[in-house]
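# Commentary on secondary and tertiary structure
Below, each chain spelled out in residue letters.
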Amino acid sequence: MAQEYITLKPESPMGLVKLNQSVFSSIALNTIQEEKDVKLVESARRPFKTGIVTSIENNELKMTIPVKVNYNANVSDVCSNLQNKIFESISYMTDFKPESIEIQVVGFNF
C-alpha cells in the first residue's frame, strides 16, 4: 500500500523525522526549473499542477517525471544529467536516497 510519508532514521533520541511526498516533488521541480533544455509537463488530469508522480512504498521513494526537451539538445545526455541532479538534490537536502527516478520524454520544445 502506498504511503504518504517517508520516515528517516533518527540521528538522536529526540524523535522521528517524516517527510511528505510533496517535499520530494518540490525539490525535483526546483531542479528542473534550473535546467535550460528541459521543461516539465503539466498533469493532464489536474491543470496547473506538476506532472511529477511521487510514490512511497515500504519507505522507498519512486518518482516519474514527464518532461519536454529542447529539439536541438541531446536527449540522452539531458535526461541523464537531470536524473543525476534530482538525485543529488534530494540526497543533499533530505539525507534520503531515492530508489528510482524515471524521466519520461513526452515531447519536444521548438
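Everything here concerns the structure above.
Rules of the game
Residues numbered from 1 in each chain as written. Predicted model: local features only at pLDDT ≥ 70, side-chain atom pairs only at ≥ 80, totals over all residues. Heavy atoms only, no water. Salt bridge = Lys/Arg side-chain N within 4 Å of Asp/Glu carboxyl O. Helix = DSSP H or I, 4+ residues; strand = E, 2+ residues; numbered from the N terminus. Buried < 20%, exposed > 50% of the residue type's maximum accessible area, 1.4 Å probe, protein only. Expected span 1.5 Å × (residues − 1). Contact = heavy atoms within 4.5 Å. Polar contact = N/O pair within 3.5 Å; in protein donor to acceptor, adjacent residues only side chain to side chain. Phe/Tyr/Trp six-rings, centres within 6.5 Å; stacked < 30°, edge-to-face > 60°.

### Things to note about the pattern of salt bridges
Side-chain pairs of opposite charge can arise where the charged atoms are in close proximity. Scanning all chains against the criterion turns up one salt bridge. Residues Glu-35 and Lys-85 are paired through a salt bridge, measuring 2.8 Å at the closest nitrogen-oxygen approach. Taken together, the residues span a long stretch of sequence, with Glu-35 in the loop between helix H1 (21-34) and strand S3 (38-40) and Lys-85 in helix H2 (residues 75-94) at a distance of 50 residues. Classification of Glu-35 as partly exposed rests on a relative accessible area of 22%. Overall, the relative accessible area of 38% leaves Lys-85 in the partly exposed class.

### Some remarks on H2
Side chains that are three or four residues apart share a direction in an α-helix, a result of its 3.6 residues per turn. Helix length check: H2, at 20 residues, gives a terminal C-alpha distance of 28 Å against a target of 28 Å (1.5 Å per residue), a fit within 8%. Along H2, the positions that sit buried rather than exposed are Val-78, Cys-79, Leu-82, Ile-86, Ser-89, Ile-90, Ser-91 and Thr-94. At its buried positions, H2 is contacted by strand S1 (5-8), strand S2 (17-20), H1, S3, strand S5 (60-70) and strand S6 (100-109). Capping the start of H2, Asn-74 holds a side-chain oxygen 3.1 Å from the backbone nitrogen of Ser-76, two or three residues further along. Directly beyond the C-terminal end of H2, a positive phi value near 60° is found at Asp-95.

### Observations concerning the packing of aromatic side chains
All chains considered together, the criterion is met by two aromatic pairs. Relative to Phe-96, the ring of Phe-24 lies with its centre 6.1 Å away and its plane at 50°, an arrangement referred to as tilted. Within this pair, whereas Phe-24 is found in helix H1, its partner Phe-96 is found in the loop between H2 and S6, the two being separated by 72 residues in sequence. Judged by relative accessible area, which is 0%, Phe-24 ranks as buried. Ring geometry for Tyr-71 and Phe-110: centres 5.7 Å apart, planes at 20°, overall stacked. Remark: Phe-110 occurs in the segment after S6 and Tyr-71 occurs in the loop between S5 and H2; sequence separation between them is 39 residues. The same class applies to Tyr-71 and to Phe-110, which are both exposed.

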